Amino acid sequence: MLNRKIQPTITDAVSFDLKLRTCEQYQLDNTVPVYSMNAGTQDVLMIEWVFKAGNWFEQKNIVAGTTNFLLKNGTSTKTAYQINDHFEFYGAYLNRTCYNETASITLHCLSKHINELLPVVAELITDSIFPEEELTTYQQNQKQKLSVNLKKCDFIANRLIDEYVYGFHHPYGKYTSTLDYDQLNRNELVEFFKRFYAEGHCTIFTAGKIPSDLQSQLNKYFGALPLQQRAIPNIQYNLQSSQEKKHQIINDANGVQGAIRIARPFPNKHHPDYQKTQILNNVFGGFFGSRLMSNIREDKGYTYGIHSYIQNHMGDTAWMISTEAGRDVCEATISEVYKEMEILRNEPIDEDELSLVKNYMLGTVLGDLDGPFQLIARWKNYVLNNLDEQYFYNSVQLIKSTGAEELNELAKKYLNPEEFYELTVI
Amino acid sequence: MIEYNRFTLDNGLTVLVHEDTATPMAVVNVLYDVGARDEHPEKTGFAHLFEHLMFGGSINIADYDEPLQRAGGDNNAYTTNDLTNYYCQLPAQNIETAFWLESDRMLSLAFSEKSLSVQRKVVCEEFREHYINKPYGDVWKHMRHLAYTVHPYQWMTIGKELSHVENAHIDDVKHFFFKHYRPVNAILVVAGNVKTEDIKQLAQKWFGPIPMGDKYIRCLPQEPVQNQARRLTIEAEVPLDAFVKTWHMDARLNKGYYTADLITEILGGGASSRLYQSLVKEQKLFSNLDCYHFGSLDAGLLTIEGKLVKGVDINKAEQAISEQIAQIQEQPVAIAELTKVKNKTESVIAFEDMSIMSRASSLAMYELMGDASLMNTELEKYQEINPQDIVDYSKQIFRESNSNTLHYLAK
């Protein structure tokens, strides 16, 4: 007789012997490092060019982001339309993204088309010209987009909480105004491009079904470029956190929800507490079964979702709680968040719950090791943060071995409400 | 080519197995043949609310998520106007936990009042977060109502209004469950590092004993051909004027659907598309512009939507769109441009098929449409389309009398 009340026997994920597939590494003739993950069954390929060209290196707001955005908008021989048409003709996606320390160009394509695409990527990073008209259109359209976003409580909250934690002059804390767009000029982009792309520092990541000649093709198009020659400027920023801890903003008098952000400074990935705290964070608000979700969504119904996470920064970062809650229950939501912190400080997590979280985390890691794009994303994270595969094995080991007492100590150390910045935007 | 094995249990449950030994994981995907189109017009949003209740405990298992997480698994679900899909991924050696959980909630829910009262609130917050508290959040509420006079696509999956969700009663929940959530109305797909023989045994063991239920026979009122243009103007507290226009297009399996899909790519797919190049870059009438459809199973809507550059007259912007449409109706698309959108389609399919999770949900979806093998012939259907097809179909659907236009203006 089938007993439906009892869970079938499971293998605890903590018993898994998780292995991180190694990543092939080589250098182009100009010493640009390439990391390559040859895996997967579909004939698809991803190549990412990562430059040290984030907003860390800009002297004026959004110069880095704009330069990155307009990389596809014209070279001395191709218009924006011709560039886009070329990539789209081959069914390829060329995206670009600007982060704080780095900025990327990412190509996704069918492996068979790669040789048509590489020379044009090389053209973009050597010969982008940032036409005045493209800049003007960009300024106009970005300002329009900003005007819509400024109506959204979550958008406002994300900007302000970063400002409170890091200060507006820190790359992690600054944000964009209409005036910033108005004040952009083409020469700044051209200069930033030359310094941080054409003559910048680049690392290449490739993944998917890698064609056998990819190394020589990359070398042909990128190996002779004047990259990695000039020193990366050494720029330091000091945190200038807000004096005031609690903030309330009314952005829309008729708003029916409030965006709540609660955050505290937290050390970077190299700090000994970082990986263990990921376990504590999972218990607290890191997944669907977390305490914040169980209490504030699944028991009280105050919100569609509530999450906590450590922001993914290379430098010192922040531990953040984020939710959108009904306007009339915002205060109650905040007080429940602090209650959950208090419980974690006062009571060790019981073994049953802790083993569930550990199994969940390791099951997720196993799923994340599946597929070339996920694997290269993990490797990229390690490489760019000056970590190695040992970090992966340490992390797995810590998930397996960290006990409730240690997590309780971390809660006492980090989950103190008076150290958190608190913001509600309605 | 995605390979699979298919078998059916005595209670009518269709099971598909896709074996992939390259992954250590397994995906269990359960699709129920019910979506927002099957709702009563006075009780909209119910299929989606119900999806939430599927996580509120089943007859023998108090909590769905916890045992799955303990087995190293993760899950989610979504509801569309057409269907409801549940999926979980876990280490392959723990797959029986997924069978245990999914079969128990197909056997019967716990029908907990507490779960209903909490999830009503959660869904109302979801409604507020996405459709009330966001600028332009109600565009599709208005457009669906305008474009559909009888077909239940006239409401969004979240529901017509909050009160429908707030008034959901536990008797509605029970009735809905036993009408739609029966083996005969479901498709189970298992993908990943599994063997079909093992899955047969597990499926028989856990799902076999569930009563078959009655096959749900869908008879929805089909939308009559629209013969007069409909227009609506709305003013709202938004910073920019927005323009949205839709035309009725073919249902999912018709040739017209594939043609419409390529037309949306020609007009609005990417930064080299016609509308973007002409209306955003050259004429600078719009700050963004999209052309898309929802992939609906019944006859859907081809949509052009954008925000106007401040100061541009919306009638002038609409006229510019009409000119682009006239062009695609009158001049056959160049072979290179058609090749481009076909190449893009090939690429999209290849990238979509990368994860076992998306392969599993696609197999379920195509099986729902009639046969999972359709998944492997999709690309051919796009390849067959020629320039004349594009002209003919553009003439057929882009009639003004087949259109619905919404001017969503800043107050």
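Note that the structure is predicted; figures quoted are calculated from it, not measured.

Caption draft 1: Representation of the overall build of chain B in the model. Helix and strand counts for chain B come out as 15 helices and eleven strands. Taking 22 Å as the expected radius of gyration for a compact globule of 411 residues, we find that chain B reaches 23 Å, a close match to that expectation. Projecting the C-alpha coordinates of chain B onto the three principal axes gives extents of approximately 65 × 45 × 35 Å. Buried residues in chain B amount to 52% of all 411 residues. Sequence separation of 24 or more characterises 79% of the internal contacts of chain B that already satisfy a separation of 6 or more.

Caption draft 2: Spatial organisation of the overall build of chain A. Counting its secondary structure elements, chain A contains 15 helices and eleven strands. Taken over the C-alpha trace, chain A has a radius of gyration of 24 Å; the compact-globule value for 426 residues is 22 Å, and the two agree within 12%. Its C-alpha atoms give chain A principal-axis dimensions of roughly 65 × 55 × 45 Å. Relative to its 426 residues, chain A shows a buried fraction of 45%. In chain A, the proportion of contacts linking residues at least 24 apart, taken out of those at least 6 apart, comes to 80%.

Caption draft 3: Structural context of helix α4 (residues 132-149) of chain A. For α4 of chain A, which comprises 18 residues, the first-to-last C-alpha distance of 26 Å matches the rise-based estimate of 26 Å (1.5 Å per residue) to within 8%. The set of residues buried in α4 of chain A consists of Glu-134, Leu-135, Thr-137, Gln-142 and Gln-144 of chain A. Where the residues of α4 of chain A are buried, they touch α2 (80-89), α6 (178-183) and α7 (186-198) of chain A together with α10 (274-282), β9 (286-292) and β10 (301-308) of chain B.

Caption draft 4: Structural context of the environment of Asn-376 of chain B. The topology assignment puts Asn-376 of chain B in the loop between α13 (356-369) and α14 (378-383). As for Asn-376 of chain B and Glu-125 of chain B, which are separated by 251 residues in sequence, their C-alpha atoms are 40 Å apart.

Caption draft 5: Highlighting the interface of chain B and chain A. Residue-level contacts link 59 residues of chain B with 57 residues of chain A. In terms of residue count, the dominant contributor to the side of chain B that touches chain A is helix α4 (residues 113-132) of chain B (eight residues).

Caption draft 6: Helix α3 (residues 95-107) of chain B, seen in detail. All names here are of chain B. Taking 1.5 Å per residue, 13 residues should reach 18 Å; α3 reaches 18 Å between its end C-alpha atoms and fits that length. Counting buried positions along α3 gives eleven out of 13 residues, so the element sits mostly inside the fold. Inspection of α3 places Ile-95, Thr-97, Ala-98, Phe-99, Trp-100, Leu-101, Glu-102, Ser-103, Asp-104, Arg-105 and Met-106 among the buried residues, and these make up the whole buried set. Among the structural elements, β3 (25-32), α2 (65-70), β5 (84-91), β6 (186-192) and α8 (196-207) are those in contact with the buried residues of α3.

Caption draft 7: Geometry of the pairing of strand β4 (residues 74-79) of chain B. Residue and element names in this part refer to chain B. Of the pairings in the sheet, the one linking β4 to β5 comprises six bridges and is antiparallel in character. Within β5, the position partnered with Asn-75 by the bridge is Cys-88. Between the end of β4 and the start of β5, which pair antiparallel, lie four residues.

Caption draft 8: Highlighting the domain arrangement of chain B. Residue and element names in this part refer to chain B. Here the domain parsing of chain B yields domain 1 (5-207) and domain 2 (230-410). Taking only C-alpha atoms into account, the centre of domain 1 sits 29 Å from that of domain 2. In this assembly, 31 residues from domain 1 lie in contact with 24 residues from domain 2. Contributing elements (two or more residues each) for the side of domain 1 that touches domain 2: β2 (14-19), β3, β5, α5 (139-147) and β6. Here the side of domain 1 that touches domain 2 takes five residues from α5, the largest share from any one element. Classifying every residue of the side of domain 1 that touches domain 2 gives 16 nonpolar, ten polar and five charged.

Caption draft 9: Representation of the domain arrangement of chain A in the model. All names here are of chain A. Along its sequence, chain A is carved into domain 1 (24-222) and domain 2 (246-425). On the domain 2 side, the residues contacting the 23 residues of domain 1 number 27 residues. Elements with a contribution of two residues or more to the side of domain 1 that touches domain 2: β2 (33-38), β3 (44-51), α5 (153-166) and β6 (202-208). For the side of domain 1 that touches domain 2, the leading source of residues is α5, giving eight residues. When the residues that make up the side of domain 1 that touches domain 2 are grouped by side-chain class, the tally is 15 nonpolar, five polar and three charged.

Caption draft 10: Here's a closer look at the nonpolar core. Ala-263 of chain A together with Ala-26, Val-28, Leu-188, Val-189, Val-190 and Leu-363 of chain B are the most contacted members of the largest nonpolar core, which has 172 residues in total. The leading source of residues in this core is α5 of chain A, at eight residues. The contacts of Ala-26 of chain B, once residues within four sequence positions are left out, are Leu-90, Ala-92, Ile-95, Val-190, Ala-191, Gly-192, Asn-193 and Val-194 of chain B. Listed in part, the 62 residues of the second largest apolar core include Val-34, Val-120, Val-121 and Leu-227 of chain A.

Caption draft 11: Just the sheet that holds β4 of chain B, in detail. Residues and elements named next belong to chain B. If you walk across this open sheet you meet the six strands as β1-β2-β6-β3-β5-β4, and the pairing is mixed. Whereas interior strands pair on both sides, the edge strands pair on one side only; in this sheet they are β1 (5-8) and β4. The sheet shows a mean angle of 15° between the axes of neighbouring strands, taken without regard to direction. As judged from the seven bridges shared by β3 and β6, these two strands associate in the antiparallel manner. Bridge assignment links Asn-29 to a residue of β6, and that residue is Val-189.

Caption draft 12: Inspection of the packing of helix α12 (residues 351-368) of chain A against helix α14 (residues 389-401) of chain A at higher detail. Residues and elements named next belong to chain A. Orientation of α12 relative to α14, taken along the N-to-C sense of each, is 155°, at an axis distance of 9 Å. Overall, the two elements α12 and α14 adopt an arrangement that is roughly antiparallel. Here α12 and α14 pass one another in a crossing that is left-handed. Contact residues: α12 offers Lys-358, Met-361, Leu-362 and Val-365, while α14 offers Val-396, Ile-399 and Lys-400. Within the contact of α12 with α14, the residues separate by chemical class into five nonpolar, no polar and two charged.

Caption draft 13: Expanded view of the sheet that holds strand β8 (residues 242-248) of chain B. Residue and element names in this part refer to chain B. Spatial strand order, β7-β11-β8-β10-β9: five strands in an open sheet with mixed pairing. In this open sheet, the two strands that pair with only one neighbour each are β7 (230-236) and β9. Across the sheet, the mean angle separating the axes of adjacent strands is 10° when strand polarity is ignored. As defined by bridge partners, β8 adjoins strand β11 (residues 403-410) across six bridges and the pair is classed as antiparallel. Paired with Lys-245 across the bridge in β11 is Thr-405. The sheet contacts of α10 involve β9 and β10, and relative to β9 the element is tilted by about 160°.

Caption draft 14: Layout of the environment of Tyr-164 of chain A. Residue and element names in this part refer to chain A. Along the chain, Tyr-164 falls in helix α5. Along the primary structure Tyr-164 and Phe-284 are separated by 120 residues, whereas in three dimensions their C-alpha atoms are 23 Å apart. Leave out the neighbours within four places in its chain, and Tyr-164 touches Ser-241, Ser-242, His-247, Tyr-421 and Leu-423.

How each quantity is defined
Residues numbered from 1 in each chain as written. Chains lettered and ligands numbered in written order. Predicted model: local features only at pLDDT ≥ 70, side-chain atom pairs only at ≥ 80, totals over all residues. Helix = DSSP H or I, 4+ residues; strand = E, 2+ residues; numbered from the N terminus. Rg over C-alpha atoms; globule rule 2.2 N^0.38 Å. Buried ≥ 20, exposed ≤ 12 C-beta atoms within 10 Å, placed from the backbone. Contact = placed C-beta atoms within 7 Å. Expected span 1.5 Å × (residues − 1). Pairing = 2+ DSSP bridges. Domains from an automatic or database assignment. Nonpolar A, V, L, I, M, F, W, Y, C, P; charged D, E, K, R; others polar. Core = buried A, V, L, I, M, F, W, Y, C linked by C-beta atoms within 7 Å. Axes fitted to C-alpha atoms, helices over the stretch in contact; angles between N-to-C directions. Parallel < 35°, antiparallel > 145°, perpendicular 65-115°, else oblique. Left-handed = near helix turned anticlockwise from the far one by under 90°.

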